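Coordinates in review
Residues per chain, in single letters:
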Amino acid sequence: MEISLSTDIDSISWEELARLFELAPLGKKRDPKKVEIAFRNSLLRVFAFHGETLVGAGRALSDGVWRAAIYDVAVLPKYQGKGIGSMIIRHLVDSAKVDVIMLYAVPGKSKFYERFGFRKMATAMAITPNEDEARKRGLIE
Ligand SMILES: CC(C)(COP(=O)(O)OP(=O)(O)OC[C@H]1O[C@@H](n2cnc3c(N)ncnc32)[C@H](O)[C@@H]1OP(=O)(O)O)[C@@H](O)C(=O)NCCC(=O)NCCS
């Protein structure tokens, strides 16, 4: 299967990308307009295509020098397990060119990230919109 990576943000259908997150699934249903804002405000973004079909995506916030944070890595279910998620992570990690890259994994996905060198942080902390829910989902202590 020929998969190509693209960084061309102007050719993206934000409805299609929001749908991809819904199908993956990754988080709650998203407003395509907000998806566009988030991807445009991220220094690094990458999209995986099978022909004309958007099958995967990922983005990273970065200061371009020291620190970056990866978010929203997702692949359409029928394309999962074919190495596309790995292509997306490798692209983001290789193009970040910073000292430290952070991310937080959906519970159960840490092993996927470990293979790229990500390690659990002992002191990472976060403010979340709903602490009880985040605790229930296994995201915070
Ligand atoms: C997580 C996700 C992006 C991985 O993408 P993918 O294209 O399926 O991943 P790959 O095919 O590149 O998998 C690479 C390897 O990681 C392994 N892997 C994938 N998910 C894993 C998991 N949850 N636990 C352990 N290993 C995992 C695969 O088995 C594969 O191993 P192999 O190379 O030995 O065959 C994809 O499954 C997805 O979109 N999931 C739903 C959204 C999500 O949870 N995103 C991550 C948020 S933190």
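Below you will find a few notes about this structure. Just so you know, these numbers come straight off a predicted model, no measurement behind them.

Parameters at a glance
Residues numbered from 1 in each chain as written. Predicted model: local features only at pLDDT ≥ 70, side-chain atom pairs only at ≥ 80, totals over all residues. Heavy atoms only, no water. Helix = DSSP H or I, 4+ residues; strand = E, 2+ residues; numbered from the N terminus. Buried < 20%, exposed > 50% of the residue type's maximum accessible area, 1.4 Å probe, protein only. Contact = heavy atoms within 4.5 Å. Areas by Shrake-Rupley, 256 points an atom, 1.4 Å probe, with all protein chains shown as cover. Near = heavy atom within 4 Å. Polar contact = N/O pair within 3.5 Å; in protein donor to acceptor, adjacent residues only side chain to side chain. Nonpolar A, V, L, I, M, F, W, Y, C, P; charged D, E, K, R; others polar. Domains from an automatic or database assignment. Expected span 1.5 Å × (residues − 1). Pairing = 2+ DSSP bridges. Axes fitted to C-alpha atoms, helices over the stretch in contact; angles between N-to-C directions.

**Focus: the overall build of the protein**
When helices and strands are tallied, the protein shows 5 helices and 5 strands. Reading the protein from its N terminus to its C terminus gives the helix and strand order β-α-α-β-β-β-α-β-α-α. For the protein, the C-alpha atoms occupy an extent of roughly 40 × 30 × 30 Å along the three principal directions. Expressed as a percentage of the 141 residues in the protein, the buried residues total 35%. Of the contacts made within the protein by residues no fewer than 6 positions apart, 59% connect residues no fewer than 24 positions apart. If you sum the accessible surface of the protein, you get close to 9300 Å²; carbon and sulfur atoms cover 52% of it.

**Structural notes on the site of the ligand**
The environment of the ligand is formed by 21 residues, the closest being Val75, Gly81, Gly83, Gly85 and Ser86. Val75 is positioned with one of its backbone polar atoms (N or O) 2.7 Å from an oxygen atom of the ligand. One of the backbone nitrogen or oxygen atoms of Gly83 is found 2.7 Å away from an oxygen atom of the ligand. Relative to its unbound accessible area of 910 Å², the ligand is 73% covered by the protein chains. Elements with a contribution of two residues or more to the shell around the ligand: strand 4 (67–75), helix 3 (84–96) and helix 4 (110–114). Class assignment for the residues of the shell around the ligand results in 11 nonpolar, 6 polar and 4 charged. In terms of domain composition, the shell around the ligand takes at least three residues from each of domain 1 (4–103) and domain 2 (106–141).

**A closer look at helix 3**
Since one α-helical turn is 3.6 residues long, residues separated by three or four positions face the same way. Taking 1.5 Å of rise per residue, the 13 residues of helix 3 would be expected to cover 18 Å, and the 18 Å separating its terminal C-alpha atoms lies within 8% of that figure. Looking at helix 3, one finds that the buried residues are Ile84, Gly85, Ser86, Ile88, Ile89, Leu92 and Ala96. At the C-terminal side of helix 3, Lys97 shows a positive phi close to 50 degrees.

**Side note on unusual backbone geometry**
Here the residue pair Ala24 and Pro25 is connected by a cis peptide bond, since its omega of -5 degrees sits within 30 degrees of zero. Tracing the sequence through the fold places Pro25 in the loop between helix 1 (14–23) and helix 2 (32–40). In this model, Asp72 sits at a positive phi of 55 degrees, which is unusual for a non-glycine residue. Tracing the backbone shows Asp72 in strand 4. Phi is positive for Lys97, which is not a glycine, with a value near 50 degrees. On the basis of relative accessibility, which here comes to 66%, the residue Lys97 falls in the exposed class.

**Remarks on the sheet that holds strand 3 (residues 53–62)**
In spatial order, the strands read 1-2-3-4-5; together these 5 strands make up an open sheet with mixed pairing. In the strand order of this sheet, the two ends are held by strand 1 (4–6) and strand 5 (100–102), each with one partner. Direction aside, the axes of adjacent strands within the sheet are offset by 25 degrees on average. The sheet contacts of helix 1 involve strand 2 (44–50), strand 3 and strand 4, and relative to strand 3 the element is tilted by about 90 degrees. Those strands touched by helix 2 are strand 2, strand 3 and strand 4, and its axis lies near 50 degrees from that of strand 3.

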